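Now for the letters of each chain:
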Amino acid sequence: MSRTEAPPLPEPLRVPVADSHTHLDMQDGTVEEALARAAAVNVTTVIQVGCDVKGSHWAAETAAAHASVYAAVALHPNEAPRIVHGDPDGWSRQGAREGGGAAALHEALAEIDALAALDHVRGVGETGLDYFRTGPEGMAAQEESFRAHIEIAKRHGKALVIHDREAHADVLRILADAGAPERTVFHCYSGDADMARVCADAGYFMSFAGNMTFKNAQPLRDALAVAPMELVLVETDAPFLTPAPYRGRPNAPYLIPVTLRAMAAVKGVDEDTLASAIADNTARAFDY
């Protein structure tokens, strides 16, 4: 089996659900094809997530054009330091860039703020902190950007979508310090069970992706086991994090049923019960 070959369509879900976090602009094929495959397995809504100014404009335009798509707009935590300090290796798919300093970051944030006002934009994200790719020199820019996104989400009454990689304590600290928006989603939840209890106490949604099916992901399964049913979401983060047994092959919204069934086993509930809860939770989280 080729590593580049798309996995087969899984058995459809009986209860329609949403993919709470996907990147259609990074997937093969057209948006229409992706949405049709998703609908064929009863994944009837997707949240298209922007990671930079250009991608956020694309997300907003795509949501405006498709009834089953809502957008989230933001500067990814790794994008903020690149805007400030430059991106000499062009890692972020935008070519090599010179650093623009604080003024460039504020200009980019103003564009995100304007997009966040649109009705079909239901989230501000993915924002947060990422200490995996960004060293100490970029942390100040990340934190400034994160705090600005929190403020944008609150001002427009939108969900905050958090990217938290190897930065749990600081993400939780900043949320508590700045005051989290009414609806806050930990995308691709990556903490342990103890952190899940902290998130539950704060009323934060926890969205689980295909990596919860990986062999080495017992801490994620332990977190899911203690996460309250009314705060759990499911996502693909496609084209990344394809669930087992298709790990390493291209991910897409139509593979949500694979992850959801694995989640139902961990929660000890049938898939219809979990799907119904997730459908309600996602609609509540993103206010649609």
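Presented here is a report on the structure given in the accompanying data block. This one's a predicted model, so the numbers in the text were calculated from it and none came from an experiment.

This paragraph deals with the nonpolar core. Residues Phe146, Leu175, Phe186, Tyr189, Phe208 and Met263 are the most contacted members of the largest nonpolar core, which totals 72 residues. By residue number, the principal contributor to this core is helix H4 (residues 101-116), which donates six residues. Each residue touching Leu175, except ones within four places of it in the same chain, is listed here: Phe146, Ile150, Leu160, Ile162, Ala180, Thr184, Phe186 and Tyr204. Counting residues in each nonpolar core, the second largest holds twelve residues, with Tyr70, Ala159, Val185 and Leu233 among its members.

Secondary-structure assignment places Thr62 in helix H2 (residues 53-65). Those residues within four positions of Thr62 in sequence are excluded, and the remaining contacts are Val31 and Val69.

Next up on the list: the packing of H4 against helix H5 (residues 136-156). Orientation of H4 relative to H5, taken along the N-to-C sense of each, is 25 degrees, at an axis distance of 10 Å. As summarised for this structure, H4 and H5 are arranged roughly parallel, according to the angle between their axes. Taken as a pair, H4 and H5 cross one another with a handedness that is right-handed. In this structure, H4 uses Leu105, His106, Leu109, Ile112, Asp113 and Ala116 to contact H5, whose residues at the interface are Ala141, Glu144, Ser145, Ala148, His149, Ile152, Arg155 and His156. Looking at the contact of H4 with H5 residue by residue, the class counts come to seven nonpolar, four polar and three charged.

To continue, consider the packing of helix H8 (residues 218-226) against helix H9 (residues 256-267). It is at 9 Å that the axes of H8 and H9 come closest, and there the two elements cross at 65 degrees. What the angle tells us is that H8 and H9 run roughly perpendicular. Regarding H8 and H9, the two cross each other, and that crossing is right-handed. Here Arg221, Leu224 and Ala225 of H8 lie close against H9, whose contacting residues are Met263, Val266 and Lys267. Residues belonging to the contact of H8 with H9 are distributed by class as follows: four nonpolar, no polar and two charged.

Take the packing of aromatic side chains next. The tally for this structure, following the rule as stated, stands at three aromatic pairs. Taking 4.7 Å as the distance between ring centres and 20 degrees as the angle between the ring planes, the aromatic pair formed by Tyr70 and Tyr288 counts as stacked. Of the two residues, Tyr70 sits in strand E3 (residues 69-73) while Tyr288 sits in the segment after helix H10 (271-286), which places them 218 residues apart along the sequence. Arranged with centres 5.4 Å apart and planes meeting at 45 degrees, the rings of Tyr189 and Phe208 form a pair that is tilted. In this pair, Tyr189 sits in the loop between strand E8 (184-186) and helix H7 (193-202) while Phe208 sits in strand E9 (residues 205-208), placing the two residues 19 residues apart along the sequence. A relative accessible area of 1% places Tyr189 in the buried class. Exposure remark for Phe208: the relative accessible area of 0% places this residue in the buried category. When the ring centre of Phe132 is taken as origin, the NZ or CZ atom of Arg165, which lies over that ring, is 3.6 Å away. Positioned above the aromatic ring of Phe214, the side-chain terminus of Arg247 is 3.7 Å from the ring centre.

Basis of the calculations
- Residues numbered from 1 in each chain as written.
- Predicted model: local features only at pLDDT ≥ 70, side-chain atom pairs only at ≥ 80, totals over all residues.
- Heavy atoms only, no water.
- Core = buried A, V, L, I, M, F, W, Y, C linked by side-chain atoms within 4.5 Å.
- Buried < 20%, exposed > 50% of the residue type's maximum accessible area, 1.4 Å probe, protein only.
- Helix = DSSP H or I, 4+ residues; strand = E, 2+ residues; numbered from the N terminus.
- Contact = heavy atoms within 4.5 Å.
- Axes fitted to C-alpha atoms, helices over the stretch in contact; angles between N-to-C directions.
- Parallel < 35°, antiparallel > 145°, perpendicular 65-115°, else oblique.
- Left-handed = near helix turned anticlockwise from the far one by under 90°.
- Nonpolar A, V, L, I, M, F, W, Y, C, P; charged D, E, K, R; others polar.
- Phe/Tyr/Trp six-rings, centres within 6.5 Å; stacked < 30°, edge-to-face > 60°.
- Lys NZ or Arg CZ within 6 Å of the ring centre and 35° of its normal.

Structural measurements only, silent on function.
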